[in-house]
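Spelled out, the chains give:
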Amino acid sequence: VSEHVAHPQPAGLNKPAQNRDEDFIKKLNGLVSANMHQRLLNVDLLARQMNMSRPTLYRKIKVITDLTPNELINQARLKQAARLLAAGSYKVFEIARIVGFQTQSSFGKAFIKQFKQTPTQYLQMKRKMQQENRRGLEKQFLQQETAHFE
């Protein structure tokens, strides 16, 4: 006990490694989300904000996620883009800008690589699914209503 008092460990070292990794990823994802709209969001910016060197950040992200930092950033941008497309409030070129892509072309290529379809195809698929879900709910409602009156 006297050793621990004389040489206290930095905060967080008592946590299991998995919890520290989860905390690291939560903080990193928060930074990516907060800075996503910036076209200049890159590994250097994240390293500075995470208070670590670029190589250390690269290694830590790669070990925990099996992604490079740039892949992690692009994946976060594309997931947000998919959510925005599904919401239907923005046009494709607006979403590309909102999530930090410099051009609609680079956004489209990255989207196809991630989701195996264009943003427009994804939007059409989501709309079709929403319509089918609405029809299914309407059908259920009508069946319940008719059963109620029988």
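See the structure printed just above.
For clarity, every value in this text was computed on a predicted model and none was experimentally measured.

A.B. asks: Please explain the overall build of the protein chain as it appears in this structure.
C.D. replies: Tallying secondary structure elements over the protein chain gives eight helices and zero strands in all. Starting at the N terminus and walking to the C terminus, you meet the elements of the protein chain as α-α-α-α-α-α-α-α. A burial count over the protein chain gives 27% of its 150 residues as buried. Restricting to contacts in the protein chain with at least 6 residues of sequence separation, those with at least 24 account for 47%. If you sum the accessible surface of the protein chain, you get close to 10,600 Å²; carbon and sulfur atoms cover 53% of it.

A.B. asks: What's the story with the side chain of T68 in this structure? I'm lost.
C.D. replies: Relative to the helices and strands, T68 is located in the loop between α4 (54–65) and α5 (69–87). Residue class for T68 comes out buried when judged on its relative accessible area of 16%. The residues touching T68, leaving out its near neighbours within four places in the chain, are Y58, I61 and K62.

A.B. asks: When you look at helix α7 (residues 104–115) in this model, what are you seeing that I'm missing?
C.D. replies: For an α-helix, 3.6 residues make a turn, and residues three or four places apart therefore share a direction. The end-to-end C-alpha distance of α7, which contains twelve residues, comes to 16 Å, matching closely the 16 Å that a straight helix rising 1.5 Å per residue would cover. When α7 is considered as a whole, its buried residues turn out to be F107, G108, A110 and F111. Downstream of α7 by a residue or two, K116 has a phi angle that is positive, lying close to 60°.

Cut-offs and rules
- Residues numbered from 1 in each chain as written.
- Predicted model: local features only at pLDDT ≥ 70, side-chain atom pairs only at ≥ 80, totals over all residues.
- Heavy atoms only, no water.
- Helix = DSSP H or I, 4+ residues; strand = E, 2+ residues; numbered from the N terminus.
- Buried < 20%, exposed > 50% of the residue type's maximum accessible area, 1.4 Å probe, protein only.
- Contact = heavy atoms within 4.5 Å.
- Areas by Shrake-Rupley, 256 points an atom, 1.4 Å probe, with all protein chains shown as cover.
- Expected span 1.5 Å × (residues − 1).

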